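# A look at the structure
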Amino acid sequence: MIAIVAIPLLLWCICLVLGITFRNLSGKSSDRHLFVTGLIVFFASFYLFATPFMLLGWNIRYLLLALTVFYGICFCFAVPVTLKYLRKNKKRITGQLRTFTADRYHLLLFLLFLVMIVWQISYVVLFQHTDIDDSYYLAQANTFAFTGSVGTVEPSSGLAGFSASNQYALVSFEILYALIHNVFGVNIAFLAHTVWPVFAIVCHYAVIRAIARKVSRSLHLEFCLLYSIINLYGGSTIYGSGSFLLQRIWQGKSFFVAIFLPIMILAFLELSEKISFREVVFLWLILLAGFGTTTVAVYLYPILYFCLWAGKSISERKFRSSAMLCLPVLGVLPWVLTKLVLIYTGSADTVSVQEQVTEGVDTLSYFDQLFTRFLNSRGIFLIGFIAALLIVLLFSRKRIRQVIVYPTLILFLTFANPAAITPVAQLVTGTAVYWRIFWLLHIPLTMVIAMILLAEKCVSNRERVLAVSVAATLIFSCGSSVFENGTWELRENPYKLDSRSVQIADAIHADVGTDSSKTLFLPEEISYGIREYCGDIATFINRYSSGTFEVNKKAAEYSSLQTQLYTPLYEDCHWDAAQIEQQMQSSGIDYLVLYTRTLPENTLPESFTCIWQNDEFSLFRCSQSQD
């Protein structure tokens, strides 16, 4: 359990070190939040270092070595600079702390904000709440950690001879999990479900605080408190940013939505009137950092950047600044073009990703995607968002309108236009997840900004307290807690996985160890947790089996497995022992899970040995696994 403290502390320290290093090497002091700057540099540098390893399949132990050297150099630079700064500004820092602690009102707001953060982290850490998509994402991390390379083995199954999907190519987020596992020896499921939320939720609120100080320095704590409440009470829709923050922050797409989408907003809030080369480099790093977290970023980030760029350009009408803001996009084109080539083309043995994700595009409904799915048919959210946009338009200064109002209008005129849903879904987002484009509306952020703008109209603290209280009450009454949406329960084990999957994997490890790869055939209902738990056990049956075999043009083999093994073993529950043994040997299966209740009614090959059993399932070792 030390990992819950040690790993987040290490990552926070790396971010601070990189923030200090970047600010000092850039040659210009800045009021940018040091931690947020370091967070950006951390993920951007990790992505840069990881790129050749993702493309060429190099062993990731050398990536760990390169990162250790790089971060070590930054640490050696940052520590003396920090100590010198603290000695020079000791009196000023002490005076600021005394002033802050003497202000009871703002101290109370800060403590309430901290309580909200601690409450959310504690609930996420202590309670069970996994997502079915983890059966691929964590399988990726386990596969990278076990094989030592990226893209050489299909992650969801772990079977040799199957190509990994290009949809997830050039994404380094899961590689970070693999490296942390290699350094600390912590189980990846435990790392993702229990340790990572501590780091990520704090990072999210650090970004929100930085935005709050740009929106209203005098009311930034009220802003943070309201935002923490709107995150907590965003459970009315499972597709909102609040739900993604608290229910699946360990996934790359959730980390991107909770942290790197608002970071881009923050970056445009901080841009100077005359764009400098330093700011161009910083925006380039932000784009790289976002691209490294998830495939979703390869289209959402350029769309967001375009909308922000257009909003700023239309508002200021400065050709030089607009041209300078195009440079970061040119800088990330090699990654984007490589990703697009991988997505839109398939190898001789596979189907292209674009063909896989655009089925049913002609029947896609804009109303269903926005209102029914994204907003969960809660019209109050849409009404509140429109009202908030009007408030921001009428009462905010130009810089805030540039990043909130104008980009939203541009988004609806272009990529989120109902008339363009078919080409956008077909060429950009894919069919099933078109709704993700509505993340770019930044609904919670817009609502909180509107609330703060109205609160700024109040004269006294008493009036502001009343205004914030009314805003909080409005959030409570219109939303519902993320922690009360029916998916939360006390965790069964530290990994937050199906205990049956963990027990089966542990039994196999006790029988043959963890160093070599082995294959397992089991019912789909308990297959999800196996690859999330470890990378050495390959599974023929899992959530993605049908698609994996089909994409690799081995649909006939999958059909044979279904008819010869899966149906008689788990559906009919009646089988011929000789036929089962022959099929197991031809498929190279080392271990087999059967329903215990079916054993008295059937016979098993003599070569099968039971190594674990409970009232529900029995695990058998097949003869070839003894060799």
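Above this text sits the structure in question.
Note that residues are indexed from 1 along each chain, following the sequence as it is written. Local features in this predicted model are restricted to residues whose pLDDT is 70 or higher, and side-chain atom pairs enter the listing and the counts only when it is 80 or higher, whereas totals over whole chains, interfaces and linings include all residues. Derived side-chain values reflect all non-hydrogen atoms in the structure, with water molecules and hydrogen atoms excluded from consideration.

## Notes on the packing of helix H13 (residues 297–316) against helix H19 (residues 398–413)
- As a rule, the C-alpha atoms of each element are fitted with a line to give its axis, helices using only the stretch in contact, and angles between N-to-C directions run from 0 to 180 degrees. To qualify as a helix, a DSSP run of H or I must reach at least 4 residues; to qualify as a strand, a run of E must reach at least 2; elements of each kind are numbered from the N terminus. Close contact between H13 and H19 brings their axes to 8 Å; oriented N to C, the two are set at 120°. With respect to H19, the element H13 is oriented oblique. Every pair of crossing elements has a handedness; the one defined by H13 and H19 is right-handed. Contacts from Ile-303, Phe-306, Cys-307, Leu-308, Ala-310, Gly-311, Lys-312, Ile-314, Ser-315 and Glu-316 of H13 reach H19 at Lys-398, Arg-399, Gln-402, Val-403, Tyr-406, Pro-407, Ile-410 and Leu-411.
- Asp, Glu, Lys and Arg are counted as charged, while Ala, Val, Leu, Ile, Met, Phe, Trp, Tyr, Cys and Pro are counted as nonpolar; the rest, among them Gly, fall into the polar class. Grouping the amino acids of the contact of H13 with H19 by side-chain chemistry returns 11 nonpolar, 3 polar and 4 charged. Note on angle classes: values under 35 degrees are labelled roughly parallel, values over 145 roughly antiparallel, values of 65 to 115 roughly perpendicular, and the remainder oblique. Helix crossings get a hand from a simple test, with the near helix turned counterclockwise from the far one by less than a right angle marking a left-handed crossing and a clockwise turn marking a right-handed one. Between two residues, a contact is recorded if the distance between any of their heavy atoms is within 4.5 Å.

## Details of the environment of Ser-236
- Position of Ser-236 relative to the elements: it lies in the loop between helix H9 (220–232) and helix H10 (241–248).
- Buried means the residue's accessible area, taken with a 1.4 Å probe over protein chains only, is under 20% of the maximum for its type, while exposed means over 50%, and partly exposed covers the values in between. In this structure Ser-236 comes out as buried when scored by relative accessible area, which is 6%.
- Along the sequence, Ser-236 and Arg-378 sit 142 residues apart, while their C-alpha atoms lie 7.8 Å from each other.
- Excluding residues that lie within four positions of it along the chain, Ser-236 makes contacts with Asn-376, Arg-378, Phe-381, Cys-478, Gly-479 and Ser-480.

## Focus on unusual backbone geometry
- Positive phi is not limited to glycine here, since Ser-377 has a value of about 60°.
- The phi torsion at Lys-553 lies on the positive side, around 55°, for a residue other than glycine.
- Here Lys-553 shows up in the loop between helix H25 (545–551) and helix H26 (555–571).
- Since its relative accessible area comes to 54%, Lys-553 is described here as exposed.

## Considering the sheet that holds strand E7 (residues 617–621)
- In spatial order, the strands read E4-E3-E5-E7-E6; together these 5 strands make up an open sheet with mixed pairing. With one partner strand each, in any of the chains shown, strand E4 (537–539) and strand E6 (609–613) form the two edges of the open sheet. Mean inter-strand twist for the sheet, computed between neighbouring axes without regard to direction, equals 30°.
- The rule for pairing is simple: two strands pair if DSSP sees at least two bridges between them. Pairing of E6 with E7, which is carried by 4 bridges, proceeds in the antiparallel orientation. Bridged to Thr-609 within E7 is Arg-621.

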